[in-house]
Amino acid sequence: MKRKFLRLAKKYGIKLLGITAFLGIWQAVVVGFKIKKYVLPSPVQVLRSLFDPTLAAKNQWWTQIAVTGGEILASFTVTLVLGVALALLIAWSKPLNKLLMPVIVVLNSIPKIALAPLFLLWFGYGIQSKIFVAVLIAFFPVLLNTVTGLIDVDENLLDLVHYLNASKWQTFTKIRIPNALPHLFAGVKISATMCVVGSIVGEFIASKKGLGRLLRSAQANIDMATMFACLVLLSIMGLLLFWLISKAEKLCMPWMNREAEEE
Amino acid sequence: MKKRSNRLPGRKGSKLFKAMQNVVSILLFLLIWELLVRVLHIKEAFLCTPSSAIYHLFWPQPDADYHWIVNISATLKEFVISFAITAAGAIFLAVLISWSKAIQNVLMPAFIFINSLPVIAIAPILLIWIGYGLKTNIIIAFLVSFFPMLLDTITGLNAQDKQLLDLVNYLHANRWQILFKIQIPGAMPYIFAGLKISSTLCIMGVIVGELIASDVGLGYVIVNAQSTMDTPPMFASLIMMSMLGWGMYLAINLLERLLMPWSFLKDRVDA
């Protein structure tokens, strides 16, 4: 127990110390050089805008967090389900692969974020349009990575199971899908950031609620403390999603942990 | 994801065949799109045909002038400058950092941390600090694309054959020799992977900057056209952005071929 605590303290202590030092220097610089609040807020001012009852009530933090968090989670779920399902279809059927892959590669090379205004036109200023924007930019990394993982399998292994009369279903569940998992998770991690970016940019361009919207309205009021508070909240949301994914990764690929421990 | 095709004469036909296949399926996609819009009588305010998007690009419209040359050159300028700063800055900083293990141990976790944040959210703050204009968009694009490039380059500079390093140390190679003869050539694949990722991120940054605050550029055309529900210029703008992206991708590939002829040579031997 004590050893575990010490190990944890060593692992996180340095990081915590670094962050505290960084915040301390920031505070000292802002106070010391008398930097105006509308140029750079001090960490204390940022915290106050998050937790001070009157300021917090004005910004309605929980509503904003719920809206943006909802967008991120919804778009991430849709991305994951759609990306993996389409990847399985493409890997399952050769004609589909030949037909769809070139189109997918071309669509992927379009700067998709530029479609955001179009999606606002199509789906209105509500939460749906942000989800669509986020799915659109987050979808391709999951899809392309999973397809690669499903198709790029050791040829010898395929020959072997073919020789053993494995059905297509068995090849998928026993070989292709486990082989695709590391690729899938690499794609999912990219997509997680993309979902956050898509939701924020969608909110930047046009929305009624959400942290991105609050960033823009705070920008109009030159309310720097609120802007930094939004930034902090968005970062925490992004990191939480990341943390969840790495937990899921460990659950889905127990053999990876074993390899890591053996090292 | 696509394996690099080689230049053996036997494979050349299949390469051409594959390229043809790609072109055919893309044309098919555009054709289906065109037909769907025409047959279902979809309103132009909702979705335009690909042909009318291209038409808007090349024939001046009587009711609106989109100043394509001005807008394209503005976006191109932002993109090229931010990408050049990203590439040069990241490689330079990566080399500096890779020289000292101590600095690396302190800075790497910070870079990885920053890289996992939604950097784009800083855009409105930059608008307050720097104001509207080309400069802001360049800085947004730089911030969005810099960290992936930096991390890739550092990884590449570190991923060297230990035995080779031991050998040249034994032969009294100096720091510069190690850098230019071993570390940088060894890091090339990582650097080019980083360049490809950060070029797409750069375009994204430039466009987001133009979308949220700008009075010129392809992103501005899109926002402006959206406010009048004029879809053809939106798609025309999108086509031009994609062209920019493809152009940069091809340029990076060409540079890769020039600077790393050995990696293409290896493919040929393998096949």
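Reading the values: the criteria
Residues numbered from 1 in each chain as written. Chains lettered and ligands numbered in written order. Predicted model: local features only at pLDDT ≥ 70, side-chain atom pairs only at ≥ 80, totals over all residues. Heavy atoms only, no water. pLDDT = per-residue confidence, 0-100. Helix = DSSP H or I, 4+ residues; strand = E, 2+ residues; numbered from the N terminus. Patch = residues over 30% accessible without salt bridge, like charges linked within 9 Å, V, L, I, M, F, W, Y side chains within 5 Å. Areas by Shrake-Rupley, 256 points an atom, 1.4 Å probe, with all protein chains shown as cover. Salt bridge = Lys/Arg side-chain N within 4 Å of Asp/Glu carboxyl O. Buried < 20%, exposed > 50% of the residue type's maximum accessible area, 1.4 Å probe, protein only. Contact = heavy atoms within 4.5 Å. Buried area = accessible area lost by both parts, 1.4 Å probe. Polar contact = N/O pair within 3.5 Å; in protein donor to acceptor, adjacent residues only side chain to side chain. Core = buried A, V, L, I, M, F, W, Y, C linked by side-chain atoms within 4.5 Å.

## Some thoughts on the confidence of the model for chain A
Confidence along chain A averages 86 in pLDDT terms, with 97% of residues attaining 70 or more. For chain A, the element scoring lowest by mean pLDDT is helix H12 (residues 254–262) of chain A, at 66; helix H4 (residues 61–92) of chain A scores highest, at 92.

## Observations regarding a nonpolar patch on the surface
There is a patch of nonpolar side chains on the surface, built from Leu 99 of chain A together with Leu 28, Leu 31, Ile 32, Leu 35, Leu 36, Val 39 and Leu 40 of chain B and spanning about 770 Å² of accessible area. It is helix H1 (residues 9–39) of chain B that contributes the most residues to the nonpolar patch, six residues altogether. Here Ile 32 of chain B lies in helix H1. On the basis of relative accessible area, Ile 32 of chain B is assigned to the partly exposed category, the value being 47%.

## Some points on the side chain of Gln 64 of chain A
All names here are of chain A. Structurally, Gln 64 is set in helix H4. Overall, Gln 64 belongs to the buried group, its relative accessible area being 7%. Excluding anything up to four places from it in sequence, Gln 64 contacts Asn 59, Lys 209, Gly 210, Leu 211 and Leu 214.

## Quick look at the interface of chain B and chain A
Counting residues at the interface gives 42 residues for chain B, matched by 44 residues for chain A. With both sides pooled, the region where chain B packs onto chain A buries about 3,800 Å², and carbon together with sulfur makes up 81% of that total. Three residues stand out in chain B for area buried against chain A, namely Pro 118, Ile 128 and Gln 226 of chain B, and they jointly supply 14% of the buried area on that side. Seen at the junction of chain B and chain A, the total is zero salt bridges. Run the count over chain B and chain A and you get five residue pairs in polar contact (both at pLDDT 80 or more).

## Concerning the nonpolar core
Counting 117 residues, the largest nonpolar core has Trp 61 of chain A together with Phe 111, Ile 120, Leu 195, Phe 235 and Leu 238 of chain B as the members making the most contacts within it. Ranked by residues supplied to this core, first place goes to helix H8 (residues 175–212) of chain B with 16 residues. Grouped together as the second largest cluster of nonpolar side chains are 15 residues, Ala 91, Met 101, Ile 131 and Leu 150 of chain A included.

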